[in-house]
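# Notes for the structure review
Residues per chain, in single letters:
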Amino acid sequence: MSQTAGARQLQRLKTRRALLDAALTLLEEQSLGSLGLREVTRAAGVAPTAFYRHFRDIEDLGIALVDEALENLHATVRSMLTTTGDADQRTAAAVELMAALVRAYPAHIRFIVRERHGGVRRVREAVSGQLDAFAGEVAESLGSDPLGAGWSRDDLLMLARLYVDHMVMTASAFLAAALDEDGEWDAVTHTALRQLRLIHAGRVHWAPARTGAGAGAGAGAG
């Protein structure tokens, strides 16, 4: 690559980064559905025409933010799945990882929490698809654990989605707590740990669904 082409590529990357960062800053106070293209380009310090060299529209920018935000979240999920120790140790490690993620990327996590049920359909579906993929990974990990012996795929996915939903709920709670108030973060951590212990207790005592007649009654009895 020539020096001129390299400089052009670097400038292109810088402009894209500026647009994403500007959008994240603006989205701290509003939803994606209310965000305007000119508002973003003004905050990024670029001409409106430059926007279209990187994104088709605001929805396209929103999907790029989903991919970027959940790339970090994905790394956290993978770390959770590889954590060793007993149930309490793994639970504590999971909450610590979520707290660290929120501290490191508050704007990204705030965006995901808000747009997960937001008004922009393509972005909402992108978030949902990514979280479903996370749940699939968690379900696979749960199925290889001795506690998952005899569980159906549906039951494993149900439990995995509970963990993923709890992860997002905990991230939202950390966001609501002031970043510089350790007491508030301690309270969120305490609640999250107790909730995870409750989910784990349910997992230990769950009766795996039976196939055939009476499966529903057997699952309900668990």
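Throughout what follows, the structure given in this document is the object of discussion. (Residues numbered from 1 in each chain as written. Predicted model: local features only at pLDDT ≥ 70, side-chain atom pairs only at ≥ 80, totals over all residues. Heavy atoms only, no water.)

With that settled, consider helix H4 (residues 58–82). Think of an α-helix as 3.6 residues a turn; residues three or four steps apart then line up on the same face. Over its 25 residues, H4 runs 36 Å from end to end, which matches the ideal 36 Å to within 8%, given 1.5 Å per residue. The N-cap residue of H4 is Asp57: its side-chain oxygen and the backbone nitrogen of Glu59 are 3.2 Å apart. (Helix = DSSP H or I, 4+ residues; strand = E, 2+ residues; numbered from the N terminus. Expected span 1.5 Å × (residues − 1). Polar contact = N/O pair within 3.5 Å; in protein donor to acceptor, adjacent residues only side chain to side chain.)

With that out of the way, let us pick up the environment of Ile58. By secondary structure assignment, the location of Ile58 is in helix H4. A sequence separation of 25 residues divides Ile58 from Gly33, and the C-alpha atoms of the two residues are 8.5 Å apart. Contacts of Ile58, omitting those with residues within four sequence positions, involve Leu32, Leu35, Gly36, Leu37, Val40 and Phe51. (Contact = heavy atoms within 4.5 Å.)

It is worth spelling out the side chain of His74 at this point. You can see His74 is positioned in helix H4. Engagement of the side chain of His74 in a polar contact is seen with the side chain of Glu137, the distance being 2.6 Å. Beyond its immediate chain neighbours, meaning those up to four positions away, His74 contacts Phe134 and Glu137.

Looking now at the packing of aromatic side chains. One pass over the full model with this rule turns up three aromatic pairs. Taking 5.7 Å as the distance between ring centres and 80° as the angle between the ring planes, the aromatic pair formed by Phe51 and Tyr52 counts as edge-to-face. On the accessibility criterion, Phe51 (0% relative accessible area) is buried. By relative accessible area, which is 53% here, Tyr52 ends up exposed. Summarising the aromatic geometry, the rings of Phe51 and Phe55 are spaced 5.6 Å apart at their centres and angled 50° between planes, so their arrangement reads as tilted. Exposure remark for Phe55: the relative accessible area of 3% places this residue in the buried category. Three or more aromatic residues joined by ring pairs form one cluster here, namely Phe51, Tyr52 and Phe55. (Phe/Tyr/Trp six-rings, centres within 6.5 Å; stacked < 30°, edge-to-face > 60°. Buried < 20%, exposed > 50% of the residue type's maximum accessible area, 1.4 Å probe, protein only.)

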